[in-house]
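Residue-level structural notes
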Amino acid sequence: MNSGTPPVTPLQILKTYFGYDSFREGQTEIIDTILSGRDALAIMPTGAGKSLCYQVPALLLPGITLVVSPLISLMQDQVKSLNEAGIHAAYINSSLTEGQINKALSFAARGVYKIIYVAPERLETASFLSFALHTPISMVTVDEAHCISQWGQDFRPSYLKIIDFVEQLPGNPIISAFTATATEVVKNDIARILKLKNPNIVVTGFDRENLYYQVEHLTGKQKDIFIQNYIETHPNESGIIYCATRKNVDTLYEKLLKQGVSVTRYHAGMSNDIRKKSQDDFIYDRAQVVIATNAFGMGIDKSNVRFVIHYNMPQSMENYYQEAGRAGRDGEPAKCILLFSTQDVMISKLLLGSKDFEGMDFQEIDQVKRQDSRRLQLMEGYCMTTSCLRNYILEYFGETTHQSCDNCGNCHQEFEELDMTLDAKWVVGCITEMRGRYGQALVIGTLLGSKKARLKDIGATSYNCYGQLENRTEADLRLLISQMIRMGYIIQTEGEYSVLKVGNIADLQTKNIKIIVKKFKEKEKISASKKRKNPFEKDSFSASKVGSSAGTTAANSSRNSALFETLRQLRLQIAKEESVPPYIVFTDKTLIDMCEKFPQNEDEMLNVSGVGQNKLKKYGQRFLQEISSFLSTNH
Ligand code: ADP
Ligand code: MG
């Protein structure tokens, strides 16, 4: 510490070790709760900054803080980050040998570490309990606390036993628990199973302001072109592309590889070793893009993911929010783009149809199937909506919204309005003629007068309504039907074979009601020949952020982008020397801040967000030098 006096308040700790100026929403409240000796449960979205909520008080509490964490990779990441910030921390898990564990425990017993990460299974071992009984432990933190609930996807039986361990400890340690999963059931499970005493439960909003949501309706081929263009125009940005199946992953991987993209892949069909290598290549920025199934992501804290593209629609909004949420953990702008085609709905149905229901009885299976199909419908609703995408997500998770966000694809779209009142009557007529026995595809096919053999088989070609809407497009009719479902004129049944039935159409028949469908204006068709854009044009993250300070000219902005690139290279170099992922050396946010502030000395460097005392000492000079030599050659 340059001032010589150790930091004693949470804010001083934040500045000195982590290099940040202020706490974010929820952090102060959690930290104050813990420091007052009370249990705490925090439900905050990914990237909100849950780690600091227990790390800051851990440094102020007299004894050790034990952090229970479900995954080795998460522990390693956290410990590396803490060490980089100049805080002594360690992890104890199965990646260490017995000898290493004993050594770590003996250091810990001597008070070398303030924070120790452990896997939940470790708490059940005699040697660890004996250590814990003889060392003052001020707090037990349960990270990813939803793993305690059998209702979540990540249930981990050992989490149930954490409380048995804590109850044996002398001195009544504080318990704090953290998760991003906010369902009532999970929240109650956490508080009940961990036996939290009068806990302060802090729930912050679901909104991730820095994420830009976007949906594109494209066919398979157009999707490939979209991705190719996107990567070409964002050459220095790290991104994840999620595909629904392993086969999709492999095919897209081969394609991008051929085009010379720096790409790797990840799915459950690959061997453990190769998967681990792929993951590391991505985390250490050796590969720009990873193409993966939803097996990828748990345990990835990489903060500089600038885009998450879904090649297929996921099966639920929960999945989507979690996967897309891996973008922009550092709080900098990031994009979440979903490429939708109607085929995706079929793929999802197939995947859900092959789900394993072992150990469930008939009724339970039926209930789960209904739930799955409802979730899928609402996911499709996200892809079809013409309203604000952010609001759709927030409302899905139970938040009330007020106005459109002006930061998503739909808010930035232009619309045209179609009067489809007559068409709506034909849709009802068609469903009536079908006596509610068929699904959306057949209804649309009939109205369009399609020549599909199936329509002949069911006798639809002789219906009154057959071909009556042949002037419309399939997409228009889809929009109309999804709007009619929302308005209650049509009911879409749940379950594997969902069919359309006539709902309450009273006012459609009597009142002089108009059905207006909002539709996106035709966009310029994506084509392979689309000119390669300047990577630092406005859309690109680096330039848009780096050049955003008031009064910067275009020339200035590209100068800043060039500096950003130089600093990124230096960061990569240092990351190699230190054997840590680049984002642990400095986040993108920190590099961008340097590009805006041009620090010229140590004091100015300390003003950069994310530069604390320890990192200043370790890397400050090298970055200052790089900036000053850049300035002298680029004035
Ligand atoms: P979570 O566990 O909630 O998903 P993390 O604890 O991993 O999120 O934090 C995400 C990122 O936000 C990290 O890069 C962290 O350093 C940063 N961060 C946390 N708190 C602050 C703050 N008060 N100011 C600036 N950045 C912060
Ligand atoms: Mg976390």
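Along every chain, residues carry numbers that run from 1 in the direction the sequence is written. Whichever chain is written first is A, and whichever ligand is written first is 1; the rest continue in order. Selection of residues for local features in this predicted model requires a pLDDT of at least 70, selection of side-chain atom pairs for listing and counting requires 80 or more, and totals for whole chains, interfaces and linings are taken over all residues. For side-chain calculations, the full set of non-hydrogen atoms in the structure is used, while hydrogens and water are omitted.

**Section: the overall build of the protein**
To keep things clear, this is the line we draw: A helix here means a DSSP run of H or I that spans at least four residues, while a strand means a run of E at least two residues long, and both kinds are numbered starting from the N terminus. Note on contacts: a residue pair qualifies if any of its non-hydrogen atoms lie within 4.5 Å across the two residues. Residue exposure ignores everything except the shown protein chains as possible cover, and the areas themselves are Shrake-Rupley values with a 1.4 Å probe. Charge counting follows a simple rule: Lys and Arg are positive, Asp and Glu are negative, and His as well as the terminal groups are ignored. Every charge is mapped to an atom, namely NZ of Lys, CZ of Arg, CG of Asp or CD of Glu.
A count of helical and extended segments in the protein gives 26 helices and 17 strands. In terms of overall dimensions, the protein has C-alpha extents of about 85 × 65 × 45 Å along its principal axes. Expressed as a percentage of contacts within the protein between residues at least 6 apart in sequence, the contacts between residues at least 24 apart total 72%. Total accessible area on the protein stands at roughly 29400 Å², and carbon and sulfur atoms take up 50% of it. For the protein, the distance from the average site of its 73 positive side-chain charges to the average site of its 72 negative ones is 3 Å.

**Regarding the UniProt feature "domain: Helicase C-terminal" (unreviewed entry) in the protein**
Applicable threshold: UniProt positions are given in the numbering used here, feature names are shortened, and annotations may be inferred rather than shown by experiment.
According to UniProt, the positions carrying the feature "domain: Helicase C-terminal" (unreviewed entry) are residues 225-373. For residues 225-373, the helix share is 44%, the strand share is 17%, and the end-to-end C-alpha distance is 31 Å.

**Considerations on the side chain of Glu 380**
Stated formally: Only protein chains enter the calculation, and the probe is 1.4 Å; a residue is then buried if its accessible area is under 20% of its type maximum, exposed if over 50%, and partly exposed in between. The working definition used for a salt bridge is a side-chain nitrogen of Lys or Arg within 4 Å of a carboxyl oxygen of Asp or Glu.
Note on placement: Glu 380 falls in helix H14 (residues 362-384). Look at Glu 380: it is buried, it has no salt bridge, and the nearest opposite charge is Arg 478 at 4.2 Å. In this structure Glu 380 touches Met 313, Phe 340, Val 345, Gln 440 and Arg 478, once residues within four positions along its chain are discounted.

**Observations concerning the sheet that holds strand S11 (residues 289-292)**
Which entries qualify depends on this criterion: Pairs of strands are assigned from DSSP output, requiring at least two bridges between the strands. An axis is simply a line fitted to the C-alpha atoms; with a helix, the fit covers only the stretch in contact. Between two such axes, the angle follows the N-to-C directions and lies from 0 to 180 degrees.
One open sheet accounts for 6 strands, arranged S8-S13-S12-S9-S11-S10; its pairing is parallel. Each having just a single partner strand, strand S8 (211-217) and strand S10 (263-266) make up the two edges of the open sheet. On average, adjacent strands in this sheet sit at an angle of 15° to one another, irrespective of strand direction. Helix-sheet contacts for helix H10 (residues 246-258) involve strand S9 (238-242), S10 and S11, and the interaxial angle to S10 is about 170°.

**Some details on the nonpolar core**
Put simply, the rule is: The definition of a nonpolar core used throughout is a set of buried Ala, Val, Leu, Ile, Met, Phe, Trp, Tyr and Cys residues joined through side-chain atoms within 4.5 Å.
Grouped together as the largest cluster of nonpolar side chains are 96 residues, with contacts concentrated most on Tyr 213, Phe 296, Leu 338, Tyr 382, Leu 480, Met 594 and Phe 623. Of all the elements, helix H26 (residues 613-633) adds the most residues to this core, at 7 residues. Excluding residues that lie within four positions of it along the chain, Tyr 382 makes contacts with Tyr 213, Val 215, Met 317, Tyr 320, Leu 338, Leu 389, Tyr 392 and Ile 393. Grouped together as the second largest cluster of nonpolar side chains are 39 residues, Leu 66, Ala 90, Phe 128 and Phe 131 included.

**Quick word on the side chain of His 310**
Within the secondary structure, His 310 sits in strand S12 (residues 305-310). Take His 310: its relative accessible area is 2%, and that puts it in the buried class.

**What about the sheet that holds strand S1 (residues 40-43)?**
One open sheet holds the 7 strands; their spatial order is S3-S4-S2-S5-S6-S1-S7, and the pairing between them is parallel. The sheet is open, and its two edges are formed by strand S3 (89-92) and strand S7 (200-203), each paired on a single side. Adjacent strand axes in the sheet meet at a mean angle of 15° when their direction is disregarded. The sheet contact formed by S1 and strand S6 (residues 174-179) spans 4 bridges and is parallel. Each bridged residue has a counterpart across the sheet, and for Ile 43 the counterpart in S6 is Thr 179.

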